[in-house]
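Close look at the chain arrangement
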Amino acid sequence: TGSGKRGPPLTLYKHQEEALALAAQGQSYVVTTGTGSGKSLCFFIPIVNAVLAEKKKGGPARTRAVVVYPMNALANSQLEELKKYMGNVAGPEPVTFARYTGIEDADRRRAIAENPPDILLTNFMMLELLMTRQDEVDRQVMANCVGLRFLVLDELHTYRGRQGADVALLVRRVRERLAPDRLQCVGTSATMSSEGSLLDKQAVVASVASKLFAADIPPANVVGE
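Quick summary incoming for the structure in this document. (Residues numbered from 1 in each chain as written. Predicted model: local features only at pLDDT ≥ 70, side-chain atom pairs only at ≥ 80, totals over all residues. Heavy atoms only, no water.)

Secondary structure assignment for the protein chain yields eight helices and seven strands. A compact globule built from 225 residues would reach a C-alpha radius of gyration of about 17 Å, and the protein chain, at 17 Å, matches this within 12%. Along the first, second and third principal axes, the C-alpha set of the protein chain runs to 50 × 45 × 30 Å. Taking the contacts inside the protein chain whose residues are at least 6 apart along the sequence as the reference set, 71% of them involve residues at least 24 apart. Summed over all atoms, the accessible surface of the protein chain reaches about 11,400 Å², with 54% contributed by carbon and sulfur. Of the side chains in the protein chain, 27 bear a positive and 24 a negative charge, and the two mean positions are spaced by 3 Å. (Helix = DSSP H or I, 4+ residues; strand = E, 2+ residues; numbered from the N terminus. Rg over C-alpha atoms; globule rule 2.2 N^0.38 Å. Contact = heavy atoms within 4.5 Å. Areas by Shrake-Rupley, 256 points an atom, 1.4 Å probe, with all protein chains shown as cover. Lys, Arg positive; Asp, Glu negative; His and termini not counted. Charge placed at Lys NZ, Arg CZ, Asp CG, Glu CD.)

If you want it as structure tokens, here you go:
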């Protein structure tokens with residue numbers, strides 16, 4: 001936007017185009033492609049598009065997307081990638097983002113609570129704490145997410161057994177607390193099944209994702225290579 005420096009235009013892969021098409025229809029979906037295939041763009045592009053559209057309508061600042069990572073290293077990596085993209089924009093950032101994990105000190109957390117980012121990057125353990133702690137700052141961060149538009153779980157395949165059950169229950173509590181009327185759930189994952197046909201693999205992923213998100217995600221909404 002504006003007269004800022006412009007890099008080369010994004011050229012999307014087929015799986016990214018398919019994911020964006022599902023997002024444009026307001027559907028929830030899962031992307032299961034290899035490492036380095038650009039899975040993050042499959043949700044960040046729709047999120048940025050929705051944020052820009054909603055900001056045009058005005059209203060108070062609020063957090064419209066929460067992206068949950070299984071570990072801080074992934075959240076840190078994504079934070080740096082977002083900074084690179086925003087470096088191509090002149091003037092104030094049209095879309096704001098922040099990391100809220102155990103790394104942030106009290107001053108940074110308060111700043112996030114008082115100035116809600118459009119996109120919040122966190123991990124599932126911190127999200128659990130945000131939901132349960134009675135600290136004023138944590139409660140404000142959650143209040144800023146009311147009416148949440150996107151909930152993203154990165155690396156779905158890591159949520160198995162007891163941890164998978166914990167995350168599934170956490171997602172249900174998040175949905176109930178934030179009461180989103182049109183929440184879009186997005187997951188990224190390595191392949192969860194190595195046997196059977198492509199349709200069989202899609203069915204396995206769709207079943208796991210539907211349980212985790214408490215949403216109906218059909219096999220057709222599992223985007224592969």
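Following the structure, the description resumes.
The element strand β2 (residues 65-69) is extensively covered by neighbouring structure, given that five of its five residues are classed as buried. Taking every second residue as pointing to the same face, both faces of β2 are buried, with A65, V67 and Y69 on one and V66 and V68 on the other. In terms of strand pairing, β2 meets strand β5 (residues 150-153) through four bridges, oriented parallel. From the neighbouring strand, V68 faces β5, where its bridge partner is L153. (Buried < 20%, exposed > 50% of the residue type's maximum accessible area, 1.4 Å probe, protein only. Pairing = 2+ DSSP bridges.)

Time to look at the sheet that holds strand β6 (residues 184-188). Taken in spatial order, the seven strands of this open sheet run β3-β4-β2-β5-β6-β1-β7, and their pairing is parallel. Of all the strands in the sheet, just β3 (97-99) and β7 (222-223) have a single pairing partner and so form its edges.

This part takes up the pairing of strand β4 (residues 119-123). For β4, the buried fraction is high: five of the five residues fall into the buried class. Residues I119, L121 and N123 line one face of β4 and the alternating positions L120 and T122 line the opposite face, and both faces are buried. Where β2 meets β4, five bridges bridge the pair, whose relative direction is parallel. Bridge pairing in β4 places V66 opposite L120. As defined by bridge partners, β3 adjoins β4 across three bridges and the pair is classed as parallel. Bridge pairing links A98 to L120 in β4. For the segment spanning β3, helix α4 (residues 106-114) and β4, crossover handedness is right-handed. (Right-handed = clockwise from strand over helix to strand, strands pointing away.)

A few words on the packing of helix α1 (residues 14-24) against helix α2 (residues 41-56). Running from amino to carboxyl end, α1 crosses α2 at an angle of 40°, the nearest separation of the two axes being 9 Å. Viewed along their axes, α1 and α2 adopt a mutual orientation that is oblique. Remark: the crossing between α1 and α2 carries right-handed chirality. Taken together, the residues of α2 that come into contact with α1 (itself represented by H15, Q16, A19, L20 and A23) are L41, C42, I45 and P46. Residue composition of the contact of α1 with α2, grouped by class: seven nonpolar, two polar and no charged. (Axes fitted to C-alpha atoms, helices over the stretch in contact; angles between N-to-C directions. Parallel < 35°, antiparallel > 145°, perpendicular 65-115°, else oblique. Left-handed = near helix turned anticlockwise from the far one by under 90°. Nonpolar A, V, L, I, M, F, W, Y, C, P; charged D, E, K, R; others polar.)

Glancing now at the pattern of salt bridges. Should the charged atoms of two oppositely charged side chains come close, the side chains can pair. Taken as a whole and assessed by the stated rule, the structure comprises 12 salt bridges. A salt bridge links E54 to R62; its shortest N-O distance comes to 3.0 Å. E54 gets classed as buried once you look at its relative accessible area, which sits at 8%. In this structure, R99 and E104 form a salt bridge, with 2.6 Å as the shortest nitrogen-oxygen distance. Note on accessibility: R99 and E104 belong to one class, buried. Overlapping salt bridges, with partners in common, bring together E54, K55, R62, R64, D118, R149 and R182 in one network. (Salt bridge = Lys/Arg side-chain N within 4 Å of Asp/Glu carboxyl O.)

Nothing here speaks to function; it is all geometry.
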